[in-house]
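Examination of the molecular architecture
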Amino acid sequence: MRYKLQKRRFPAHVVISVTNRCNLSCPYCFSRYAVNKEDRLNTERMISLIDELQKKGTGYINLTGGEPLTRRDIKDIIHYITRKKGIKCSLSTNGTLLDEKIEVLRGIDSINVSLDGNEEQHNRNRQSQQYGKIIKGIEAALANNIPVTTCTVLTKSNMDCVDDIAELSKKKGFLAVFHLLRVGLKPNEDLLRQQMSRREIRDVVQRIIDYKKARYPIYYSNKTHAYIRDWPYEHPSCMLRKDDGQAEKNFKIIPCVCGDLSCFIDGEGSVYPCVILSGQVKVLNFLEAGFENAWNFLPHVRCRACSFFFQTELNLLLSLSPAAWKNFITNSDRF
Ligand SMILES: C[S@@+](CC[C@H](N)C(=O)[O-])C[C@H]1O[C@@H](n2cnc3c(N)ncnc32)[C@H](O)[C@@H]1O
Ligand code: SF4
Ligand code: SF4
């Protein structure tokens, strides 16, 4: 908001990968799991990072990974962010440890739980047999009044999962969001095979729009859904750089605020504009260069727009789109 009014850059929304460790190994994961035994961002470094972010005006922190619930100090980190610093906090989890660790989440504003469809679709997409445990975890969170948003990665293997997720969200009382499979700048063959075609994306996003119209608890605004549905550029080269020349005539680009109002900090301390670019572009590490320098380096990463659901919604919110704010306010009791 301040950026819009004063044209000032500050990290309003920050995603931190608090660990590279994970108890699963989903085939499409862009995160570097199971790399180190110890987390480079240890408790002390996390605390000083949070202090620095607060000084810079950060209002929202999302904790992700790897699997953040594998960290022994996650309860203290959440407590420090929410109670000590008064910053809004969410945590993204694969849900497998939720039920047994529900206590550590006290005070969190909301959680995002990965759920890729019904039992068969989920277990196939993530190549693990954890569906039952995850549903138990979601139920435990809701029973403890922790708002839940499920995150579904759409691939060729599970693109028919929208109906099941929509029905379940209504039945259980969680919000649902859908994401497209990201293949990175140098994709491997397996990932490319899992990527939906433009036509398939259009159809599946239209289905999501129809459910939202029918008042199913699906988050992201109509504007974001329509933007992704109508995205005219080919995948996987869907990311437009600032020097990519003319955009399509009839398509209005939503400019990306990454690096101006939001950033992603990986498990090693490198500060990226967003998670998609993690490991793909040259950036600075805040443990070596200091957060201020790492943050100030980001405008050198030349990126303009892409068809990333989460980021499109965030871009709209942080540039004060009335459609996105109306959608946010309508759902605000859920996170
Ligand atoms: C990297 S995970 C970390 C948190 C936690 N381990 C989990 O799985 O929810 C965060 C989110 O990124 C999603 N994700 C991982 N790889 C992806 C990819 N290639 N494309 C789109 N989403 C992906 C996961 O499904 C999950 O919802
Ligand atoms: S659970 Fe999350 S971090 Fe772990 S492999 Fe799957 S997507 Fe990646
Ligand atoms: S346009 Fe924004 S969200 Fe997309 S890859 Fe570039 S920096 Fe990341």
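One can find the structure itself at the top, above this paragraph.
Residues numbered from 1 in each chain as written. Chains lettered and ligands numbered in written order. Predicted model: local features only at pLDDT ≥ 70, side-chain atom pairs only at ≥ 80, totals over all residues.

**Observations concerning the site of ligand 3**
Note the threshold: By definition, a residue lies near a molecule or strand provided its backbone-derived C-beta atom is within 6 Å of it. In this count, Pro and Cys sit with the nonpolar residues alongside Ala, Val, Leu, Ile, Met, Phe, Trp and Tyr, while Asp, Glu, Lys and Arg are called charged and the others, Gly among them, polar.
Taken together, twelve residues sit near ligand 3, with Cys256, Cys258, Cys274, Cys303 and Cys306 positioned nearest. Classifying every residue of the shell around ligand 3 gives eleven nonpolar, one polar and no charged.

**Looking at the nonpolar core**
Applied cut-off: Here, a nonpolar core means buried Ala, Val, Leu, Ile, Met, Phe, Trp, Tyr and Cys residues linked by C-beta atoms lying within 7 Å of one another. Counting other C-beta atoms within 10 Å of a residue's C-beta gives its exposure: the residue is buried at 20 or more, exposed at 12 or fewer, and partly exposed in between, where C-beta atoms are placed from the backbone. A pair of residues counts as a contact when their C-beta atoms, built from backbone coordinates, are separated by no more than 7 Å.
Grouped together as the largest cluster of nonpolar side chains are 87 residues, with contacts concentrated most on Ile111, Cys263 and Val271. Filtering out sequence-adjacent residues up to four positions away, Cys263 remains in contact with Pro11, Val14, Cys258, Val271, Tyr272, Pro273, Trp295 and Leu298.

**What about the pairing of strand E5 (residues 148-154)?**
As a reminder, the rule being used: Numbering of helices and strands runs from the N terminus; a helix is a DSSP stretch of H or I covering at least four residues, while a strand is a stretch of E covering at least two. Any two strands with at least two DSSP-identified bridges between them are counted as paired. When the strands point away from the viewer, a crossover counts as right-handed if the path from the first strand over the helix to the second runs clockwise.
Summarising burial for E5: seven of the seven residues are buried, a large majority. Of the two faces of E5, the one carrying Val148, Thr150, Thr152 and Leu154 and the one carrying Thr149, Cys151 and Val153 are both buried. Of the pairings in the sheet, the one linking strand E4 (residues 110-114) to E5 comprises four bridges and is parallel in character. Bridge pairing in E5 places Asn112 opposite Thr149. Pairing between E5 and strand E6 (residues 175-180): six bridges, direction parallel. Bridge pairing in E6 places Thr150 opposite Ala176. In the classification by handedness, the crossover that spans E5, the intervening helix H7 (residues 162-172) and the parallel E6 is right-handed.

**Digging into the site of ligand 1**
Near ligand 1 there are 17 residues, and of these Ser31, Asn94, Ser114, Cys151 and Arg182 occur at the shortest range. At the level of elements, strand E3 (88-93) and E5 are the ones that each hand at least two residues to the shell around ligand 1. Class assignment of the residues belonging to the shell around ligand 1 gives a composition of seven nonpolar, eight polar and two charged.

**With respect to the environment of Arg9**
When you line up the elements, Arg9 lands in the loop between helix H1 (2-6) and strand E1 (13-17). Residue classification places Arg9 among the partly exposed positions, given that 17 C-beta atoms sit within 10 Å.

**Overview of the pairing of E4**
Most of E4 is tucked away: four of the five residues are buried. The pairing of E3 with E4 spans four bridges and is classified as parallel. Counted as the bridge partner of Ser92 is Asn112 from E4.

**A look at the environment of Ala289**
For Ala289, the position within the fold is in helix H11 (residues 286-289). When the C-alpha atoms of Ala289 and Ser270 are compared, they prove to be 9.6 Å apart, with 19 residues separating the residues in sequence.

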